[in-house]
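# Structural features, examined
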Number of protein chains: 2
Amino acid sequence: MTERLVVIGGDAAGMSAASQARRLKGPEELEILAFERGSFTSYAACGIPYWIGGLIDERDELVARAPEVFRERQSIDVRTGHEVVAIDTDARTVVVEDLAAGERTAHGYDQLLIATGATPLRPPVPGIDADGVFGVQTLDHGQRVLDALAERQPRRAVVIGAGYIGIEMAEAMLLRGLEVHVVEMAEQPMSTLDPEIGAKVADAMRRMGMHLHLGVAVEGIETGEDGWLRAVRTAEGTLEADIAVLGTGTRPFSDLARDAGVPIGPSQGIVTDRRQRTPVEGVWAAGDCAETFHRVAQQPVSIALGTIANKQGRIAGLNLGGSYAAFPGVLGTAITKVCEVEIARTGLGEQAARDAGFAPVVATIDGTTRAHYYPDAKPITIRTVAEQGTGRLLGAQLIGEEGAAKRIDTFATALWNEMTVEELLNVDLSYAPPFSPVWDPVLIAARRADSAVRRHG
Amino acid sequence: MTERLVVIGGDAAGMSAASQARRLKGPEELEILAFERGSFTSYAACGIPYWIGGLIDERDELVARAPEVFRERQSIDVRTGHEVVAIDTDARTVVVEDLAAGERTAHGYDQLLIATGATPLRPPVPGIDADGVFGVQTLDHGQRVLDALAERQPRRAVVIGAGYIGIEMAEAMLLRGLEVHVVEMAEQPMSTLDPEIGAKVADAMRRMGMHLHLGVAVEGIETGEDGWLRAVRTAEGTLEADIAVLGTGTRPFSDLARDAGVPIGPSQGIVTDRRQRTPVEGVWAAGDCAETFHRVAQQPVSIALGTIANKQGRIAGLNLGGSYAAFPGVLGTAITKVCEVEIARTGLGEQAARDAGFAPVVATIDGTTRAHYYPDAKPITIRTVAEQGTGRLLGAQLIGEEGAAKRIDTFATALWNEMTVEELLNVDLSYAPPFSPVWDPVLIAARRADSAVRRHG
């Protein structure tokens, strides 16, 4: 008998799962029906700031696979412009609205995958939904920003929030020639970084001409007579603005699941087990809307990142296709750049380590990405967090220039294996003058961390 | 009572050990006497090709610490131009020749560290010691090459052997404007790479204008009336040459130890334990002259690399200073570039895996260093070797362009921890479009390897 899999959400997690399940089960065994309320499938949401900034010319370059490709090559019935508005987990049905036609229909499912993604956090202030204030989570959002840039020729942008998306969008606006103001409630950009590294990010942003307003809360949006944003009101005065972008991060878009009685965890993501099953029979979740497990903190977390969504989608698809696969959790690894400055992190920062119950020992080193005598050796600063006593690596954060940031992957792999900093300092990493000093900065950081742990006793 | 440590060899391993021991024990406890037959201490031998190629202006940029700095700041009595010519391990003395004065003196020791480095392999053919044929292991060697370039204005270089040093020197000669011929006995450059990757290295070398003579043995050196190299005779004809460089690799320079009865292992390096002690009481060895342990092959190996020499020197120094430290072995990680092409490896290639008794499953992927739609995404090819059945990662080799090669460190850290390719494919590596596709090429390679292992069963 043919089973039916319904997928809610046509981006990374949803379509990875659908494709993976299809590889294991043909259409005679498994019918796959995917609903996407936007216009696109399987696109690189993380590429949106670079598209808006003009580094990528065509929107379609961000689309890994269009709906018709899923239909024609994989017999996956993808319906864009269709929003699932309700789930009945007892009857095993979803109610779907065709957004263009305004019509609703019900569809039964045997298995349901919720992959509804994340939604931008909107500070709860008056006017935040005004025209001219943009989130940038989807291609549709991105297109709206580009249309606004073209039609209104704004000169001044305010980015509200200096998380990853915030600083990427600040760079995009700068590249588009706008005067850029960034308003951030915390005392530093990228508040999950330790202050020492956060201060360096702030310096880098200022050096490239951004105006930072740190430790400043947004209090409201003022609009002109046409209803379009005119200024952003903050605790420290009013910033005139022609366009505003939300860079305050996201929350799991788990509302639909919650309304259907699917359990939501402490991080606001949908609760799943290692196979991406929710506690409700026949209901699965993957990607930004789902909660996952932080391997170092040993706590549930929700992290909106394409790479995690893809991995979880694959795991869900393998299981939905009748195989077995388990998602082993995350480390909170992240990377970005702001112009020439590269920034990355993995594991726990100092405060997060404390919050998770560890006694952290921190150490910071300054080094170079190549042998100091080799042309274009760039600076790199690495801050490590290790556990007092055991010396177990708990996290690393780094900032530098070309060649710096991807070194975080070595720390991530060490963290994944619960290595101590003493073990890490002897790992046989690659060395040649064009690529690193004779002691790679990762090893120097581990040495310094090991010394710090020993001093602490 | 003051003990005396004698160090033979003033480069990476020897001086790292001396410095480390000094940090733990002051001059009243430990007298440190170091003999170096050359003119320099603690220099970056790996930087020599880039200095010869003109990327680094000043020889002194390669010197991390000059002899007088060791003397003045660390009370380490370094004597350059002094060659240790004999060791008496019963009497605990060394005989030292002052090379300038031609005088020999004997010096007692309580502890002796042998750090005599490596020596270039010279094909045993007539004329190989002729003027105009250069090894490039030491700064003194490098200076001789630069002097020859300046004085004789050579137009045609033959590089004998296409190992790491060979291809780096080929690039250096190209950068100096010479016509470059590379003669290699194996059918590919860098013969420790699997043929698939080796062929790509050969393509890259040809693209930049080098003339490759692969599968060709050198049979002799012809000299002119002045005794200087005139041509390199090979099995396939005679190559006229104004200068020749040995790029055939090195062997541990363990002759002095062997003559003194210190055991030499199967890889021709001095046998040591994990603390860098030789089996002879009071005698230690570290660096290129010493044998070490390959963690994947579980066999003794000798690898001449500054990063290993530095690490072993540190370990020896910690132990000589009265602390405890153990060197945990190597993975055979190596990295280099030839012009824009980056090459790296770690662990075992396919044949080496077979030789070590593993049943290898190989897989190769082609990817990009950044998201494919991001500007300057560069190609990267990764070949993995995994163990049949268990799926344990055994090695990885890669070739690509900017941003490719340092990814080998992630594989090295995974290998160090004996991860399977299935474990590796889910590791939370960093992702953002300027730094990687949503599945980093490392993860794509692990996925492909995992599929290959499953297919093999």
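Look up a bit, the structure's there.
Attention here is on the structure that accompanies the text. For clarity, every value in this text was computed on a predicted model and none was experimentally measured.

### Quick word on the interface of chain B and chain A
Contacts between chain B and chain A engage 64 residues on the former and 65 residues on the latter. Roughly 5300 Å² of surface becomes buried between chain B and chain A when both sides are summed, with 62% attributable to carbon and sulfur atoms. Summed over the three residues of chain B that lose the most area to chain A, namely B:Tyr373, B:Asp428 and B:Phe435, the buried surface amounts to 15% of that side. Where chain B meets chain A, there are two salt bridges. A salt bridge links A:Lys406 to B:Asp440, with the shortest nitrogen-to-oxygen separation between them at 2.6 Å. On the surface where chain B and chain A come into contact, there are 16 residue pairs in polar contact (both at pLDDT 80 or more). Sorting the residues of the side of chain B that touches chain A by element identifies helix 1 (12–24), helix 8 (306–320), strand 21 (334–338), helix 10 (408–416), helix 11 (421–425) and helix 12 (441–456) of chain B as the ones contributing at least two each.

### As for the nonpolar core
Counting 86 residues, the largest nonpolar core has A:Leu398, A:Phe411, A:Leu424, B:Leu398, B:Phe411 and B:Leu424 as its most contacted members. Beyond its immediate chain neighbours, meaning those up to four positions away, A:Leu424 contacts A:Leu393, A:Phe411, A:Ala414, A:Met419, A:Val442, A:Leu443 and A:Ala446.

### As for the relation of the copies chain B and chain A
Turning chain B through 180° and shifting it by 0.0 Å along the axis lays it on chain A, with an RMSD of 0.0 Å. Here the copies are linked by what is in effect a two-fold axis. Closest approach to the rotation axis among the C-alpha atoms of chain B is made by B:Thr410, whose C-alpha sits 2.5 Å away. A share of 100% of the interface residues of chain B reappears at the interface of chain A, consistent with the copies meeting face to face through the same patch.

### Regarding helix 4 (residues 139–152) of chain A
Residues and elements named next belong to chain A. Between its terminal C-alpha atoms helix 4 stretches 20 Å, which fits the 20 Å expected from 14 residues at 1.5 Å a residue. Restricting attention to buried positions, one finds in helix 4 the residues Leu139, His141, Gly142, Val145, Leu146, Ala148 and Leu149. At its buried positions, helix 4 is contacted by helix 2 (48–52), strand 9 (133–134), helix 5 (164–175) and strand 16 (243–246).

### Digging into the sheet that holds strand 6 (residues 103–108) of chain B
Residues and elements named next belong to chain B. The sheet built from three strands is open, its strands ordered 4-5-6 with antiparallel pairing. Edge positions in the open sheet fall to strand 4 (82–88) and strand 6, since each of these has one partner strand only. When strand polarity is set aside, the average angle formed by the axes of neighbouring strands in this sheet is 25°. Examined bridge by bridge, strand 4 and strand 5 (residues 93–98) share six bridges and lie antiparallel to one another. For Ala86, the partnering residue across the bridge sits in strand 5 and is Val95.

### Side note on the pairing of strand 11 (residues 179–184) of chain A
All names here are of chain A. Of all six residues that make up strand 11, five are buried, and the element is covered over most of its length. Of the pairings in the sheet, the one linking strand 10 (residues 156–160) to strand 11 comprises five bridges and is parallel in character. Along strand 11, the bridge assignment pairs Arg156 with Glu179. A crossover connection joins strand 10 to the parallel strand 11 through helix 5; in handedness this β-α-β unit is right-handed. Two strands pair when backbone bridges link them, and strand 11 and strand 12 (residues 211–214) are joined in this way by four bridges, in the parallel orientation. By the bridge assignment for strand 12, Glu184 is matched with Leu214.

### Topic: the packing of helix 10 (residues 408–416) of chain A against helix 10 of chain B
Two numbers describe how helix 10 of chain A lies on helix 10 of chain B: the axes approach to 8 Å, and their chain directions differ by 15°. Between helix 10 of chain A and helix 10 of chain B, the angle falls in the class roughly parallel. As helix 10 of chain A runs across helix 10 of chain B, the sense of the crossing is right-handed. Residue-level contacts link A:Asp409, A:Thr410, A:Thr413 and A:Ala414 of helix 10 of chain A to B:Asp409, B:Thr410, B:Thr413 and B:Ala414 of helix 10 of chain B. When grouped by side-chain class, the residues that make up the contact of helix 10 of chain A with helix 10 of chain B number two nonpolar, four polar and two charged.

### Here we look at the pattern of salt bridges
Under the counting rule described, the total for this entry stands at 46 salt bridges over all chains. A salt bridge links B:Arg354 to B:Glu350; the nearest nitrogen and oxygen atoms lie 2.8 Å apart. Separated by four residues within a single helix, B:Arg354 and B:Glu350 lie in helix 9 (residues 350–355), roughly one turn from each other. For B:Arg354, a relative accessible area of 42% gives the class partly exposed. Here the salt bridges do not stand alone but share partners, grouping A:Asp194, A:Glu196, A:Glu350, A:Arg354 and A:Arg383 into one network.

### What about the sheet that holds strand 6 (residues 103–108) of chain A?
All names here are of chain A. Within the open sheet, the three strands sit side by side as 4-5-6. Their pairing is antiparallel. Since the sheet does not close on itself, it has two edges, and those belong to strand 4 (82–88) and strand 6, each with one partner. The average angle at which neighbouring strand axes cross in this sheet is 25°, direction not considered.

### Details of the packing of helix 1 (residues 12–24) of chain A against helix 8 (residues 306–320) of chain A
Residues and elements named next belong to chain A. Direction vectors running N to C along helix 1 and helix 8 enclose 30°, while the axes themselves pass 7 Å from each other. Comparing the axis directions of helix 1 and helix 8 gives the class roughly parallel. In this structure, the crossing between helix 1 and helix 8 has a hand that is right-handed. Counting all contacts with helix 1, which are made through Ala12, Ala13, Ser16, Ala17, Gln20, Ala21 and Leu24, the residues of helix 8 involved are Gly306, Ala309, Asn310, Gly313, Arg314, Ala316, Gly317, Leu318 and Leu320. Its residues assigned to classes, the contact of helix 1 with helix 8 shows nine nonpolar, six polar and one charged.

### Some thoughts on the state of the cysteines
All names here are of chain A. Summed over the entire model, instances satisfying the criterion amount to zero disulfides over all chains. Left without a disulfide partner, Cys46 is nearest to the cysteine sulfur of Cys289, which lies 15 Å away. Cys289 gets classed as buried once you look at its relative accessible area, which sits at 0%.

### Description of the packing of aromatic side chains
Across all of its chains, the model carries five aromatic pairs over all chains by this definition. Above the plane of the ring of A:Trp228 lies A:Arg152, whose end atom (NZ or CZ) is 4.0 Å from the centre.

Quick notes on the rules
- Residues numbered from 1 in each chain as written.
- Chains lettered and ligands numbered in written order.
- Predicted model: local features only at pLDDT ≥ 70, side-chain atom pairs only at ≥ 80, totals over all residues.
- Heavy atoms only, no water.
- Contact = heavy atoms within 4.5 Å.
- Buried area = accessible area lost by both parts, 1.4 Å probe.
- Salt bridge = Lys/Arg side-chain N within 4 Å of Asp/Glu carboxyl O.
- Polar contact = N/O pair within 3.5 Å; in protein donor to acceptor, adjacent residues only side chain to side chain.
- Helix = DSSP H or I, 4+ residues; strand = E, 2+ residues; numbered from the N terminus.
- Core = buried A, V, L, I, M, F, W, Y, C linked by side-chain atoms within 4.5 Å.
- Buried < 20%, exposed > 50% of the residue type's maximum accessible area, 1.4 Å probe, protein only.
- Least-squares fit on C-alpha atoms with pLDDT ≥ 70 in both.
- Expected span 1.5 Å × (residues − 1).
- Pairing = 2+ DSSP bridges.
- Axes fitted to C-alpha atoms, helices over the stretch in contact; angles between N-to-C directions.
- Right-handed = clockwise from strand over helix to strand, strands pointing away.
- Parallel < 35°, antiparallel > 145°, perpendicular 65-115°, else oblique.
- Left-handed = near helix turned anticlockwise from the far one by under 90°.
- Nonpolar A, V, L, I, M, F, W, Y, C, P; charged D, E, K, R; others polar.
- Disulfide = S-S within 2.5 Å.
- Phe/Tyr/Trp six-rings, centres within 6.5 Å; stacked < 30°, edge-to-face > 60°.
- Lys NZ or Arg CZ within 6 Å of the ring centre and 35° of its normal.

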